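Each chain is listed here by its residues.
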Amino acid sequence: ISRFILHASICVLLFGFSHASHATPDVLLNGMDANRHNLNEFIGRGKWTVLNIWGARCPQCLDEMPELVHFHDEHKDTNAIVVGVAIDFPSYGYANKEEIAEFIEDHLIEFPVLLSDASISEKIGAGRLEGLPTTYLYTPQGKLVGTQVGGITRNILEAFINKYENRINSNTDSKNKKTE
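It should be emphasised that the depicted structure is a prediction, and the values quoted were computed from it without experimental measurement. Positions within a chain are numbered from 1, following the residues in the order the chain's sequence is written. Owing to the predicted nature of the model, reporting of local features is limited to residues with pLDDT of at least 70; listing and counting of side-chain atom pairs is limited to 80 or more, with chain, interface and lining totals taken over all residues. Only heavy atoms go into the side-chain values, all of them from the structure, while hydrogens and water stay out.

(A) Inspection of the nonpolar core at higher detail. Within this scheme, the nonpolar core is defined by two criteria: the residues are buried Ala, Val, Leu, Ile, Met, Phe, Trp, Tyr or Cys, and they are joined through side-chain atoms within 4.5 Å. Between buried and exposed lies partly exposed: a residue is buried under 20% and exposed over 50% of the maximum accessible area for its type, with that area taken using a 1.4 Å probe on protein chains only. If you look at the biggest cluster of nonpolar residues, it comprises 48 residues, and the most contacted ones within it are L39, W54 and I100. The numbering of helices and of strands both runs from the N terminus, where a helix is a DSSP run of H or I of at least 4 residues and a strand a run of E of at least 2. Put simply, the parts of the chain that give this core at least two residues each are β3 (48-54), α2 (59-75), β4 (80-86), α3 (97-106), β5 (113-115), β6 (134-138), β7 (144-149) and α5 (154-179). Tallying contributions element by element places β4 first for this core, with 6 residues.

(B) The arrangement of the environment of Y138 in detail. Note on placement: Y138 falls in strand β6. On the basis of relative accessibility, which here comes to 0%, the residue Y138 falls in the buried class. Sequence separation between Y138 and L51 is 87 residues; the distance between their C-alpha atoms is 7.8 Å. Contacts of Y138, omitting those with residues within four sequence positions, involve P25, I43, K47, W48, T49, L51, I124, K143 and L144. In what follows, a contact means two residues having at least one pair of non-hydrogen atoms within 4.5 Å.

(C) Expanded view of the sheet that holds strand β2 (residues 36-38). Ordered in space as β2-β1-β5-β4-β3-β6-β7, the 7 strands form an open sheet in which the pairing is mixed. The outermost strands of the open sheet, each flanked by one partner alone, are β2 and β7. With strand direction ignored, the average angle separating the axes of adjacent strands in the sheet is 30°. Here β6 runs beside β7; their pairing, made up of 5 bridges, is antiparallel. Across the sheet, the residue bridging to L137 is G146, located in β7. Strands are treated as partners if at least two bridges between them are detected by DSSP. Between the N-to-C directions of two axes lies an angle of 0 to 180 degrees, each axis being a line fitted to C-alpha atoms and, for a helix, fitted only over the stretch in contact.

(D) Representation of the side chain of T134. In this fold, T134 is placed in strand β6. Classification of T134 by relative accessible area gives buried; the value is 1%. For this analysis, a polar contact is any N or O atom pair within 3.5 Å, provided that within protein one partner can donate a hydrogen and the other can accept it, and provided that sequence-adjacent residues contribute only side-chain to side-chain pairs. Looking at T134, its side chain comes within polar contact range of the main-chain oxygen of G131, at 2.5 Å. Setting aside its immediate chain neighbours within four residues, T134 contacts L51, N52, I53, L129, T147, Q148 and V149.

Following this line, the structure appears as structure tokens:
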């Protein structure tokens, strides 16, 4: 257990806070539901948004998927959602819809899944895609505050959100005390 806690602590440090403020992405992508979706349909809508870029044949993506499914299922009705963006692995080209449909069914994914290629990272203003999986975390207001290249767990996501919210709340409390 202590090994897991150490790993989670290291991952929280890697996930880290981003001070860069990005506008809510205005990017249209094809969805698995046969409709086109703008990412701003999901980001900045009052819930934390975990934007996860993954590939069906990516070993780390396969490992983290149950964590993302559980995180989404536990939080979708309260404070957070997951949105998946599938790309091809290992080419980083455009995702194969049939392959992704099979993956979704096999892994009981209920969160929205959109299709793209590696250019998605640049399209959302986050620079070049450095590897898979990559996770971007947006506040309920749509501000990008965290990035993780490599696998992530629901515990890391929950810890990051709690730490971020506590930091924001303590900054607000400090400002309120100064104005009193």
